[in-house]
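The lines below spell out each chain.
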Amino acid sequence: MADRDELRSQLHDAFEGADYPVHNQMDLVPALPNGPATKFESGDTSFTAMEIATRLSGHQEFPYEDVDSLVDDVMAGLEKEDMI
């Protein structure tokens with residue numbers, strides 16, 4: 001089972017370096033340490049930034065002014081898609 005706080009922290013760390021506001025998913029890629037292949041893991045749960053982008057595109061509402069609002073939507077989308 002995934003630790004939601006651990007995942008939130010990983011997402012925050014990965015996306016906080018983006019140049020906000022971000023207007024689309026491509027604006028986030030330069031901030032990711034391994035680009036779209038950046039992996040997020042907790043417990044037996046694992047997914048890449050590319051998987052998040054593909055599965056959660058309907059759950060995100062760009063533009064985002066800050067990392068916290070982006071991570072909030074990503075976490076909500078992960079839950080809605082039963083990824084965590």
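Above this text you will find the structure in question.
Owing to the predicted nature of the structure, the values given are computational and were not obtained by experimental measurement.

Definitions and cut-offs
- Residues numbered from 1 in each chain as written.
- Predicted model: local features only at pLDDT ≥ 70, side-chain atom pairs only at ≥ 80, totals over all residues.
- Heavy atoms only, no water.
- Helix = DSSP H or I, 4+ residues; strand = E, 2+ residues; numbered from the N terminus.
- Buried < 20%, exposed > 50% of the residue type's maximum accessible area, 1.4 Å probe, protein only.
- Phe/Tyr/Trp six-rings, centres within 6.5 Å; stacked < 30°, edge-to-face > 60°.
- Contact = heavy atoms within 4.5 Å.

### A few points about the overall build of the protein
Tallying secondary structure elements over the protein gives 3 helices and 2 strands in all. The order of α-helices and β-strands along the protein, N terminus first, is α-β-β-α-α. The C-alpha extent of the protein, read off along each of the three principal axes, is 35 × 25 × 20 Å. The buried share of the protein, taken over its 84 residues, is 38%.

### Let's talk about the packing of aromatic side chains
Here the structure, examined in full by the defined rule, presents 3 aromatic pairs. Between the aromatic rings of phenylalanine 15 and phenylalanine 40, the centroid separation amounts to 6.1 Å while the plane-to-plane angle is 35°, which identifies the pairing as tilted. Taken together, the residues span a long stretch of sequence, with phenylalanine 15 in helix H1 (residues 4-15) and phenylalanine 40 in strand S1 (residues 39-42) at a distance of 25 residues. An angle of 35° between the planes, with centres 6.2 Å apart, marks the rings of phenylalanine 40 and phenylalanine 47 as tilted. Like phenylalanine 47, phenylalanine 40 is buried. Clustering of aromatic rings is evident, with ring pairs tying together Phe15, Phe40 and Phe47.

### Considering the environment of alanine 49
Mapped onto the elements of the fold, alanine 49 is located in helix H2 (residues 49-56). Residue classification places alanine 49 among the buried residues on the basis of a relative accessible area of 10%. If sequence neighbours within four positions are ignored, alanine 49 has contacts with Leu32, Gly35, Pro36, Thr38 and Phe40.

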